[in-house]
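# A structural walkthrough
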Amino acid sequence: MLPLPALLALTTTVFLGCLTEVLPAGLLLGMSADLGVSPSATGQLVTVYAITAALTAIPLTTMTLRVSRKRLLLALIVGFLVTNLLIAVSSSYPLILAARVVSGALTGVMWSLVAGYAMRLAPPALIGRALAVAMSGTPIGFALGVPAGTALGELADWRWAFAAMALITVPLLVWVLVAVPALPGEPAGPTRPLAASRLPGMRPVLATVALFSLGHNVAYTYIGPVLAGMDVAGMLGAALLVFGCATVGGLVAVGAALDHRPRVVLMVCTGLTGAAIVLMGLSDGVHGLVLLAAALWGLAFGGAPTAFQAVTALIAGPTADAAQSLTIAAWNGAVAGGALVGGVLLPLGTSLLPWCAAFVVLLPLLFSRRVVLSAPADQCPTRR
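Let me begin by describing the structure that accompanies this report. (Residues numbered from 1 in each chain as written. Predicted model: local features only at pLDDT ≥ 70, side-chain atom pairs only at ≥ 80, totals over all residues. Heavy atoms only, no water.)

Counting its secondary structure elements, the protein contains 16 helices and 0 strands. Put simply, the protein has 384 residues, and 54% of those count as buried. By sequence separation, contacts in the protein at least 24 residues apart represent 86% of the contacts at least 6 residues apart. (Helix = DSSP H or I, 4+ residues; strand = E, 2+ residues; numbered from the N terminus. Buried < 20%, exposed > 50% of the residue type's maximum accessible area, 1.4 Å probe, protein only. Contact = heavy atoms within 4.5 Å.)

In this section: the packing of helix α13 (residues 262-282) against helix α16 (residues 352-362). At a minimum axis distance of 9 Å, the contact between α13 and α16 shows a crossing angle of 170°. Here α13 is positioned roughly antiparallel relative to α16, judged by the angle of their axes. Facing T270, G271, T273, G274, I277, V278, G281 and L282 of α13, the residues of α16 in contact are P354, W355, A357, A358, V361 and L362. (Axes fitted to C-alpha atoms, helices over the stretch in contact; angles between N-to-C directions. Parallel < 35°, antiparallel > 145°, perpendicular 65-115°, else oblique.)

Counting residues in each nonpolar core, the largest one holds 107 residues, and the members touching the most others are L10 and W297. In terms of residue count, the dominant contributor to this core is helix α5 (residues 93-121) (14 residues). Inspection of this core shows a minimum of three residues originating in each of domain 1 (1-188) and domain 2 (190-368). With residues near it in sequence (within four places) discarded, W297 still touches H216, A219, Y220, I223, F243, T273, A276, I277 and M280. (Core = buried A, V, L, I, M, F, W, Y, C linked by side-chain atoms within 4.5 Å. Domains from an automatic or database assignment.)

At a minimum axis distance of 7 Å, the contact between α13 and helix α14 (residues 287-316) shows a crossing angle of 150°. Taken together, the axes of α13 and α14 lie roughly antiparallel to each other. Where α13 crosses over α14, the handedness of that crossing is left-handed. Among the residues forming the contact of α13 with α14, the class breakdown is 24 nonpolar, 2 polar and no charged. (Left-handed = near helix turned anticlockwise from the far one by under 90°. Nonpolar A, V, L, I, M, F, W, Y, C, P; charged D, E, K, R; others polar.)

As a further point, take the packing of aromatic side chains. Per the counting criterion, the structure on display carries 10 aromatic pairs. Between F212 and F308 the ring centres are 5.4 Å apart and the planes differ by 70°, which places this aromatic pair in the edge-to-face class. In this pair, F212 is assigned in helix α10 (residues 202-220) and F308 in helix α14, connecting sequence segments 96 residues apart. The exposure classification of F212 matches that of F308, with both residues buried. Members of the aromatic cluster, each reached through a chain of ring pairs, are F212, Y220, F243, W297, F301, F308 and W331. (Phe/Tyr/Trp six-rings, centres within 6.5 Å; stacked < 30°, edge-to-face > 60°.)

Together, L85, L86, V89 and L95 make up an exposed nonpolar region whose accessible area comes to about 330 Å². Looking at the nonpolar patch element by element, the count peaks at 3 residues for helix α4 (residues 69-89). Residue placement: L95 occurs in helix α5. (Patch = residues over 30% accessible without salt bridge, like charges linked within 9 Å, V, L, I, M, F, W, Y side chains within 5 Å. Areas by Shrake-Rupley, 256 points an atom, 1.4 Å probe, with all protein chains shown as cover. Salt bridge = Lys/Arg side-chain N within 4 Å of Asp/Glu carboxyl O.)

This brings us to empty space enclosed by the protein. A complete count under the given rule lists 3 cavities of 30 Å³ or more for this structure. Roughly 50 Å³ of volume is contained in the largest cavity. Around the largest cavity sit Y220, I223, A239, L240, F243, M280, A294 and W297, which together line it. Looking at the lining of the largest cavity, the element that brings in the most residues is helix α12 (residues 236-257), giving 3 residues. (1 Å grid on protein atoms, 1.4 Å probe; cavity = no way out; pocket = protein on both sides within 12 Å on 5 of 7 lines; lining within 4 Å. Points joined across faces, edges and corners; volume = space filled by probe spheres on them.)

In structure tokens:
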């Protein structure tokens, strides 16, 4: 059986990290007016977060590999408490930007930690499901957390949204202390991320992660302008809601199949995402097609990050925690890169974005056969 109380504590931690990363996008105008900076400058609070997570995931994960997993998890949660509370009470944009840098660093370590933690807590036959439960905090954050935080910011004040995230950490700390078993850090050995990158099959996986995230973010970051170019800008809210809700279904489907067919899961997530973005480009603003594309896109995207982390762990075996930092760095670097590439392409026409994004997402299918998606059972990251 799965240790659900412990896994759900990890789910809440992931939810907190996801919401911390993307919430400023939903509070953009209110934060901009209150802080006296442009909306573009406020948007950099998301960009700098992703860049920091990408740049620090590998070195900070390397530095903390020997630390007790539970002790590190508690330290990260306390870090989220302090940084979100600081943002909630501060009126200084530079100070808030600095807090976002620290939050990004915390998140880079958190993604690496939680994936390995969940897989080590589960029985070998249920590792994929355990990872899906822990990672469900991401689609829940997109589907429920961001709309709820945005609504709270509009009804009260954007600061209350960050204060609410800080308050979530208090019961979460107690929950982790009570329900999450203590696990040791990585044992001595070749656990450094750069060593893990040389494992057979790891580099194709990292390339797949980077291209998938890059293509997705080229389209998703600028979905508003894309819909406006089709004269259906009013559908943005509905499309994002459908996308967010579908991500939950995608994660459930991946969790059920990941333990048995990881290669198929990875290819389906990649192929379906590309197909959904193509459908969005072909929809010509037809409401039903736009919503269908959003649903398929969310379904594929919801399970993709979990599939990437599971495959990384299967390849890395006992060095899974270190290897996860490579996946996190590739993913978050591509988040920032996707926003940059999309911004460069946008002046050329919004109709161009879906096609370029789909092309980038589908590129990994050309070398998917090189990806090693199985490992001996004794190399899976179980309890230690």
